Amino acid sequence: MKIHEYQAKELFRKHGLPVPDGFVAFSADEAREVAQRLDSNTYVVKAQIHAGGRGKGGGVKVVSSLDEVYNTAKQMIGSKLITHQTGTEGKEVNKVLVEEGLGIASELYLGIVIDRAQEAPVVIASASGGMDIEEVAAKNPGAIKKEVVDLGQGLLGFQARNLAYALDLQGGAVGRFAKTVQALYRMFLALDCSMVEINPLVVTKDDRLIALDAKVSFDDNALFRHPELKDLIDPTEADPLELEAGKYNLNYIRLDGNIGCMVNGAGLAMATMDVIKLAGAEPANFLDVGGGASTDMIRNGFRIILEDPRVKGILINIFGGILRCDVLAQGVIEAAEKIGVGVPLIVRLEGTNVDKGREMLKNSGLNFTVADTILDAAEMVTKIVGRAS
Ligand code: GDP
Ligand code: MN
């Protein structure tokens, strides 16, 4: 689960991490109003969307009057912001964060993620903050410093100081940086975060250390331990098809390819995505309709795949166990009758009532191809939609 910068900074404040003074605003009038409350004569107006790269995309503006705050907010709110993380369609901005402007001496990077290979949290820091950290990692890996945390011991003081020295910090900055790293790690642990990132963590001209940006995401599997975090969900940021799928208890996750997948069982769904990739194509989604799916769920699942304009072919891979093949066929036929299937459909059905299911599909007038094995099926769709570039 992702949250906005202004929400992440609120959590930072609670956990003792220094952030600029600022307030969120939902309109240009409100932006001017909250700017008046700031003890500053420069202001920063920041578009609040769940994507980075806003600075380069025009979503972060430093201004020096209340009128400019108003005008900038007016222009941002309601507009679509395109950054390298939003895709070409961009994201609509519904709110802005208005902050005091700070004089920046240098921009650092500080983040914590889970390293699955190490099975531990790893703290990442760099003196090359403010820019795309992935680019720094690719071009100049030596500029990135890491400390792996032993979960039993926690992040130790010397590890935090090691990072500070590696960043060439001097004097009092070493202690301030170490304290910030410790506070960030405590928050990471306390809130079951999957990622926290401060880019940039700035050293100001008056030698303070302040989190200028804040990105936090939580481990969804631990959300039940933090019911209060649910309030931070922004429904306007959710993928509309994922929201729709959630209404019908379908496990649907949007992916980047163009082959729609309808599968029962998470394991079979994973295997199906693997063979699609093996055959040279890319899945458009993960969809596990579940073991005991009803005709209703199948119909809605199939409709959701059909409503995705990127889908150029559909692969149905069902092993009928508790979910019977005739129930599957019924749901697919009902959805197809309502919406129409404009893309090639490949079906692989096995298991309970398979003959009945195949018969129903055959008699439905639906245009589809039957595949005998999963690999056959994946190769067929790949042939039709072409290999991924
Ligand atoms: P991102 O591009 O989405 O990661 O947005 P950031 O919050 O990191 O802002 C991008 C850049 O805007 C930062 O790296 C800073 O250089 C600049 N910026 C943000 N806030 C201020 C500020 O208060 N003063 C100045 N001078 N620059 C700022
Ligand atoms: Mn940033």
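Calculation notes
- Residues numbered from 1 in each chain as written.
- Chains lettered and ligands numbered in written order.
- Predicted model: local features only at pLDDT ≥ 70, side-chain atom pairs only at ≥ 80, totals over all residues.
- Heavy atoms only, no water.
- Helix = DSSP H or I, 4+ residues; strand = E, 2+ residues; numbered from the N terminus.
- Buried < 20%, exposed > 50% of the residue type's maximum accessible area, 1.4 Å probe, protein only.
- Near = heavy atom within 4 Å.
- Polar contact = N/O pair within 3.5 Å; in protein donor to acceptor, adjacent residues only side chain to side chain.
- Areas by Shrake-Rupley, 256 points an atom, 1.4 Å probe, with all protein chains shown as cover.
- Domains from an automatic or database assignment.
- Donors = N, O, S within 2.8 Å, 3.2 Å for Na, K, Ca; no water.
- Core = buried A, V, L, I, M, F, W, Y, C linked by side-chain atoms within 4.5 Å.
- Contact = heavy atoms within 4.5 Å.
- Expected span 1.5 Å × (residues − 1).
- Phe/Tyr/Trp six-rings, centres within 6.5 Å; stacked < 30°, edge-to-face > 60°.
- Lys NZ or Arg CZ within 6 Å of the ring centre and 35° of its normal.
- Pairing = 2+ DSSP bridges.
- Axes fitted to C-alpha atoms, helices over the stretch in contact; angles between N-to-C directions.
- Buried area = accessible area lost by both parts, 1.4 Å probe.
- Salt bridge = Lys/Arg side-chain N within 4 Å of Asp/Glu carboxyl O.

A. Summary view of the environment of A214. Counting through the fold element by element, A214 comes out in the loop between β11 (209-211) and β12 (215-218). For A214, a relative accessible area of 3% puts it in the buried group.

B. Quick look at the site of ligand 1. With respect to spatial proximity, 18 residues lie near ligand 1, and among them K46, R54, G55, E107 and N199 are the closest. One nitrogen or oxygen atom from the main chain of G55 is found 2.8 Å from an oxygen atom belonging to ligand 1. The backbone of N199 places a nitrogen or oxygen atom 3.0 Å from an oxygen atom of ligand 1. Compared with its free state, where it exposes 570 Å², ligand 1 has 81% of that area covered by protein. If you list the elements that add at least two residues to the shell around ligand 1, you get β2 (43-47), α3 (54-57), β3 (60-63), β7 (104-115) and β10 (193-204). Composition of the shell around ligand 1 by domain shows at least three residues from each of domain 1 (1-19 + 103-237) and domain 2 (21-101).

C. Up close: the coordination of the manganese ion (ligand 2). For the manganese ion (ligand 2), the full set of protein donor atoms is N199 (O) and D213 (OD), at a range of 2.1 to 2.2 Å. Placement of N199 in strand β10 and of D213 in the loop between β11 and β12 is noted, with a sequence separation of 14 residues between them. What makes D213 buried here is its relative accessible area of 10%.

D. Local environment of the nonpolar core. With 43 residues, the main nonpolar core has F12, L110, F177, V216 and F218 as its most contacted residues. For this core, the element with the most residues is helix α7 (residues 172-190), which contributes 10 residues. Beyond its immediate chain neighbours, meaning those up to four positions away, V216 contacts M1, K2, I3, A8, F12, M187, C193, M195 and V196. Counting 35 residues, the second largest nonpolar core, distinct from the first, contains M262, L306, V347 and L349.

E. Here's a closer look at helix α11 (residues 325-339). The first and last C-alpha atoms of α11 sit 21 Å apart over 15 residues, in line with the 21 Å expected at 1.5 Å per residue. Regarding α11, the residues found buried are C325, D326, V327, L328, A329, G331, V332, I333, A335 and A336. Looking at the buried side of α11, the elements it contacts are β14 (259-263), α10 (295-306), β16 (313-320), β17 (345-351) and α12 (354-363). Positive phi appears at G340, one or two residues downstream of α11, with a value of about 85°.

F. How the structure looks around the packing of aromatic side chains. Taken as a whole, this structure holds zero aromatic pairs when the rule is applied. Over the ring of F23 we find R37; its NZ or CZ atom is 4.6 Å from the centre of that ring.

G. Main features of the sheet that holds β3. Here we have four strands laid out as an open sheet, ordered β1-β6-β2-β3, and antiparallel in their pairing. The open sheet has two edge strands, β1 (22-25) and β3, and neither has a second partner. Across the sheet, the mean angle separating the axes of adjacent strands is 20° when strand polarity is ignored. Helix α1 (residues 5-14) contacts β1, β2 and β6 (96-100) of the sheet and is inclined by roughly 45° relative to β6.

H. Focus on unusual backbone geometry. For the bond running from N199 to P200, omega is 10°, close enough to zero to count as cis. Turning to its location among the elements, P200 is positioned in strand β10. Unlike most non-glycine residues, E119 shows phi in positive territory, near 55°. For E119, a relative accessible area of 69% gives the class exposed. Even without glycine at this site, N249 takes up a positive phi of about 60°. Mapped onto the fold, N249 is located in the loop between α8 (240-247) and β13 (251-254). By relative accessible area, which is 64% here, N249 ends up exposed.

I. Examining the domain arrangement of the protein more closely. Domain boundaries assigned for the protein yield domain 1 (1-19 + 103-237), domain 2 (21-101) and domain 3 (239-388). Its C-alpha centre places domain 1 at a distance of 23 Å from the equivalent point of domain 2. Taken over both partners, the interface formed by domain 1 and domain 2 buries close to 1400 Å², and the fraction arising from carbon and sulfur atoms is 40%. On the domain 1 side of the interface with domain 2, the three residues burying the most area are E5, Y6 and E237, jointly 38% of the side's total. Scanning the region where domain 1 abuts domain 2 turns up six salt bridges. Note that K95 is salt-bridged to D234, the shortest N-O span being 2.8 Å. Scanning the region where domain 1 abuts domain 2 turns up 11 residue pairs in polar contact (both at pLDDT 80 or more).

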